[in-house]
Each structure stands twice: as structure tokens, then as C-alpha cells.
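Each chain, letter by letter, is given below.
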Amino acid sequence: MGRRSRKRVTGESLTGSSRASAGTETDTTTRAERDEARRRRAQELARAQSGGRRSRDDPRLPAPWGPFPLTELVVLLAIGLLIAAFVVRGERGRTMLAAGLLLGSLGGLEVSIREHFAGYRSHTTIFAAAAGVLTIVVVTLVVHPIKLWIVGLIALGMFCLTFWLAREAFKRRSGGVGFKAGHRP
């Protein structure tokens, strides 16, 4: 099949108001200008349709290290260590497992810290749980012969204190809102 030719609407055949309503371009624009305008409209449409991507008015803080994907690389390294931990046995495998869990937790916690303290999304419970787990580890290592219920009470106290402090910090950053799950356009 051959190509069909389309009749071109010229500027003389339409009045000014009907030209604007028809959405056609006059002969005063070049092909390159029309192509550029189409490209810009397509980019704006793609940007509007991608709800998860960052826009100019996104309140999240950028990473301190710029566009370098440090957090993503740390999480990738953590995944590699976790996979290797199941292949390698013995003491080295346990060390890889612990390092993978620690690096994965730090990667996720870093993003949570940036989002929370920018007032973008509340991560109060994550911080409180991390503080509680860290308290359990430290108290168990420092005071070795201690009853489990005492360690649990200390961790619960640290959880509650961290929860309250993180909630107040988020309220200050978000303009008084205690909980915000993020925006979905």
C-alpha cells in the first residue's frame, strides 16, 4: 500500500479563533519547531503519567552524595552477600549473612531517614523498631548475664522514646501533620 497524502490546513483557510480551536499550526513554523513542540509535549505527558518519579516540586531531599547510586549499590552488595552466605558454610557464611543483613538494613534506613526528616513520608515506627533492636543487641553484649524480660523492658522503653521523638521531628518538618504516607497523583 502506498502512503496517503494529507491535505494540509493553511493559515489562510482558517480565521484566528478557529485556528486556535483547531489546534493546527500555521505555515510560519518550521518542521523542526513543530517536532520540538511535539517532543516537549510527549515529555510533559510522560512526566505527568509517571507518578513514582521525582518532579521539580518533590519535597524529598536529594542524597548528600548527589546522583551517585550509593544506596542502590549497598543494597545490591547486601543481596550478593546474602546469596553467598547460603552457598558458603561455616563461620565465613555466618559472617556474610550478618554483613548482608546489616548492609541491607542500613540501605533501607538511609532512605527512610532522608524521607522522614524532609517531611515527605513518616517512618516513625521503623526508627523506633531499629532503636529497640539496637538496644537489645547492646544491652545483651554489654551486660551479658541479664534476664530476658529486663532486656525486653529496656528495649520497649527505647522504642517508646524513639517513637515519640521521631513523631515530633516529623511534625516539625511536615508542618504539623503527624502522619503522611506520601502523595500519589
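Let me begin by describing the structure that accompanies this report.

Thresholds applied
- Residues numbered from 1 in each chain as written.
- Predicted model: local features only at pLDDT ≥ 70, side-chain atom pairs only at ≥ 80, totals over all residues.
- Heavy atoms only, no water.
- Helix = DSSP H or I, 4+ residues; strand = E, 2+ residues; numbered from the N terminus.
- Contact = heavy atoms within 4.5 Å.
- Phe/Tyr/Trp six-rings, centres within 6.5 Å; stacked < 30°, edge-to-face > 60°.
- Buried < 20%, exposed > 50% of the residue type's maximum accessible area, 1.4 Å probe, protein only.

## Remarks on the side chain of Thr124
Part 1 of the argument: Residue position: Thr124 is located in helix 5 (residues 124–142).
Part 2 of the argument: In this structure, Thr124 is in contact with His116, Phe163, Ala166 and Arg167, ignoring residues within four places of it in sequence.

## Remarks on the packing of aromatic side chains
For any two aromatic rings, the description comes down to two numbers: the centre-to-centre distance and the angle of the planes.
Part 1 of the argument: Taken as a whole, this structure holds two aromatic pairs when the rule is applied.
Part 2 of the argument: Between Phe117 and Phe127 the ring centres are 6.1 Å apart and the planes differ by 15°, which places this aromatic pair in the stacked class. A residue pair is termed long-range when its members are at least 10 positions apart, and Phe117 in helix 4 (residues 91–117) and Phe127 in helix 5 qualify at 10 residues.
Part 3 of the argument: For Phe127, a relative accessible area of 10% corresponds to the buried category.
Part 4 of the argument: Relative to Phe163, the ring of Phe159 lies with its centre 6.2 Å away and its plane at 25°, an arrangement referred to as stacked. Here Phe159 pairs with Phe163, and both are found in helix 6 (residues 148–174), just four residues apart, close to one helical turn.
Part 5 of the argument: Residue Phe159 is classed as partly exposed on the basis of its relative accessible area, which comes to 29%.

## Observations regarding the environment of Val133
Part 1 of the argument: Structurally, Val133 is set in helix 5.
Part 2 of the argument: A relative accessible area of 54% means that Val133 is categorised as exposed.
Part 3 of the argument: Along the backbone, Val133 and Ala155 are 22 residues apart, and their C-alpha atoms lie at a distance of 7.1 Å.

## Digging into the environment of Ile79
Part 1 of the argument: Among the secondary structure elements, Ile79 is positioned in helix 3 (residues 70–87).
Part 2 of the argument: Sequence separation between Ile79 and Leu103 is 24 residues; the distance between their C-alpha atoms is 8.9 Å.

Coordinates in, geometry out; function isn't part of it.
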